[in-house]
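# Residue-level structure breakdown
Now for the letters of each chain:
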There are 2 protein chains.
Amino acid sequence: MELISERGYRRTSLAAVAERAGLTQPGLLHHFPTKELLLVGVLEARDRWDLASAAAASDSWRTDTLAQLVDYNATRPGIVQTYTVLSADSVTEDHPARAFFETRFRTVRASMANVLRAEFGDTLPGGLTPEQAAPLLVAVMDGLQLQWLLDPEEVDMPAAFRDFVALLGGGSGRAEEPGEG
Amino acid sequence: MELISERGYRRTSLAAVAERAGLTQPGLLHHFPTKELLLVGVLEARDRWDLASAAAASDSWRTDTLAQLVDYNATRPGIVQTYTVLSADSVTEDHPARAFFETRFRTVRASMANVLRAEFGDTLPGGLTPEQAAPLLVAVMDGLQLQWLLDPEEVDMPAAFRDFVALLGGGSGRAEEPGEG
């Protein structure tokens, strides 16, 4: 994760990771046979840490916990870049990370539906069910990351995400000042 | 575009494109020095055709024209895959398609804001301004494509996009049957 945040996705090589981790390259390859699988391991570790820190901050996820996660992502472009590139790449034929992302998206959509149901019940103020809103919530997070990575001056990812949460909740955009986490 | 729809992004080689186009490989490389730049050319051509066919169908874009574009995209996974992989890849350092996507996203956000303003005025029923809603609209289109490419059985991209349009318009989800274009 250090190397990715220093160098970005493209310039993080297996050789550099082995050196930073104090492993030989064959030693590293024993655990992660390809760069893609190493990066899947990085993303899995990020998911675990994000879950653990959200659990430490409150007893359950809410849309404001998600907004705080988007704030945090805006401070770590290297890992967001890795997620964006690798998840998109995984749609190609026989990609080693495809199974990981298929499963992850199903899990995340189901979790988001649970978060929305706990907060809003069976119908959101904007009119959608939690199951209808969940893929949109995930899509907005992913799509905003792409726009923000390309154009961070132009795209205020945390503010845009809060606009979407307000829309789901039947609110009115950026009326409220975003809270600091 | 034929080759991409037959073989997908990863398996479309410059050699195969040259052969299909009746060019030598040096002849093709004269026009498109790398595979990335060739694919940018394909995406530019798609944008032009989509614009032309929308213009032929009506005198201006509306959110229902966009929903029809999403319907059409659901019939052409090869080109959607190419767009998804290449746009995400372009966020990496010194990528040859970065400038294309930076410009394209700015243009598309501005066009979407215009579409939304023409349809809803300065404030959408859901409470956002056209400029707040535009990056979300683009993000939903892109993010849904990724989820649909990975899991077409699970993710109904056209229905989910219409849910988002209903949310923007202050409607109530899938109450209306989607119209056929």
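Residues numbered from 1 in each chain as written. Chains lettered and ligands numbered in written order. Predicted model: local features only at pLDDT ≥ 70, side-chain atom pairs only at ≥ 80, totals over all residues. Heavy atoms only, no water.

## Overview of the UniProt feature "domain: HTH tetR-type" (unreviewed entry) in chain A
What counts, and what does not: UniProt positions are given in the numbering used here, feature names are shortened, and annotations may be inferred rather than shown by experiment. A run of DSSP states H or I qualifies as a helix once it reaches four residues; a run of E qualifies as a strand once it reaches two. Both are numbered from the N-terminal end.
Those residues carrying the UniProt feature "domain: HTH tetR-type" (unreviewed entry) are residues 1–50 of chain A in this numbering. Helix makes up 74% of residues 1–50 of chain A and strand 0%. Its end C-alpha atoms lie 14 Å apart.

## What about the interface of chain B and chain A?
To keep things clear, this is the line we draw: Note on contacts: a residue pair qualifies if any of its non-hydrogen atoms lie within 4.5 Å across the two residues. Summed over both partners, the accessible area (1.4 Å probe) lost when two parts come together is defined as the buried area. What makes a salt bridge here is a side-chain nitrogen of Lys or Arg within 4 Å of a carboxyl oxygen of Asp or Glu, nothing more. Note that Gly is not counted as nonpolar here; it falls among the polar residues with everything else outside the nonpolar set of Ala, Val, Leu, Ile, Met, Phe, Trp, Tyr, Cys and Pro and the charged set of Asp, Glu, Lys and Arg.
Listed as interface residues are 50 residues of chain B and, on the opposing side, 50 residues of chain A. Regarding the contact of chain B and chain A, the summed buried area is about 4300 Å², with carbon and sulfur atoms giving 60% of it. Three residues stand out in chain B for area buried against chain A, namely Gln147, Leu150 and Leu167 of chain B, and they jointly supply 16% of the buried area on that side. Where chain B packs against chain A, one counts 8 salt bridges. Linking Arg109 of chain A and Asp151 of chain B is a salt bridge whose minimum nitrogen-to-oxygen distance equals 3.5 Å. Looking at the side of chain B that touches chain A, the elements with two or more residues in it are α6 (77–89), α7 (98–120), α8 (130–150) and α9 (157–168) of chain B. When residues in the side of chain B that touches chain A are grouped by element, the largest group, 13 residues, is from α8 of chain B. Grouping the constituent residues of the side of chain B that touches chain A by class yields 21 nonpolar, 14 polar and 15 charged.

## Here's the deal with the packing of aromatic side chains
Our working rule: Aromatic rings from Phe, Tyr and Trp, taking only the six-membered ring of Trp, are treated as a pair when their centres fall within 6.5 Å; an angle between ring planes under 30 degrees marks them as stacked, one over 60 as edge-to-face, and anything in between as tilted. Exposed residues in this analysis have more than 50% of their type's maximum accessible area, buried residues have under 20%, and partly exposed residues fall in between, with area computed by a 1.4 Å probe over protein chains only.
On inspection of all chains with the given rule, the structure shows 5 aromatic pairs over all chains. Each ring, one from Phe100 of chain A and one from Phe101 of chain A, has its centre 4.9 Å from the other, and the planes form 70 degrees; the classification is edge-to-face. The burial state of Phe100 of chain A is the same as that of Phe101 of chain A; both residues are buried. Ring centres of Tyr83 of chain B and Phe101 of chain B lie 6.0 Å apart, and the angle between their planes is 65 degrees; on these two criteria the pair is classed as edge-to-face. Of this pair, Tyr83 of chain B sits in helix α6 while Phe101 of chain B sits in helix α7, placing them 18 residues apart in sequence. Given a relative accessible area of 4%, Tyr83 of chain B falls into the buried group.

## Brief notes about the relation of the copies chain B and chain A
Definition in use: Least squares is the method for superposing the copies, and the C-alpha atoms it fits come from residues with pLDDT of at least 70 in both.
Of the two same-sequence chains, chain B is brought onto chain A (RMSD 0.0 Å, axial shift 0.0 Å) by a rotation of 180 degrees. Seen this way, the second copy is the image of the first under a two-fold rotation axis. Taken together, the interface assignments show that 100% of the residues at the interface of chain B recur at the interface of chain A, consistent with an identical surface on both copies.

## Focus: the packing of helix α5 (residues 63–73) of chain A against helix α9 (residues 157–168) of chain A
Residue and element names in this part refer to chain A. Rules: What counts as an axis is a line fitted to C-alpha atoms, over the stretch in contact for a helix, and the angles between N-to-C directions run from 0 to 180 degrees. Note on terminology: angles under 35 degrees are roughly parallel, angles over 145 are roughly antiparallel, angles of 65 to 115 are roughly perpendicular, and the others are oblique. Crossings are classed by handedness, with left-handed meaning an anticlockwise turn of the near helix from the far one by less than a right angle and right-handed meaning a clockwise turn.
Between α5 and α9, whose axes approach to 9 Å, the crossing angle comes to 165 degrees. The pairing of α5 with α9 is recorded here as roughly antiparallel in orientation. Handedness of the α5/α9 crossing: right-handed. Together, Thr63, Leu66, Ala67, Gln68, Val70, Asp71 and Asn73 of α5 and Met157, Pro158, Phe161, Arg162 and Val165 of α9 make up the contact between the two elements. Of the residues belonging to the contact of α5 with α9, the class tally is 7 nonpolar, 3 polar and 2 charged.

## Concerning helix α8 (residues 130–150) of chain A
Counted only if it meets this: The span expected for a helix works out to 1.5 Å for each residue beyond the first.
With 21 residues, α8 of chain A should cover 30 Å at 1.5 Å per step; its first-to-last C-alpha distance of 30 Å lies within 8% of that length. Counted residue by residue, α8 of chain A has 20 buried out of 21 residues, so it is predominantly covered.

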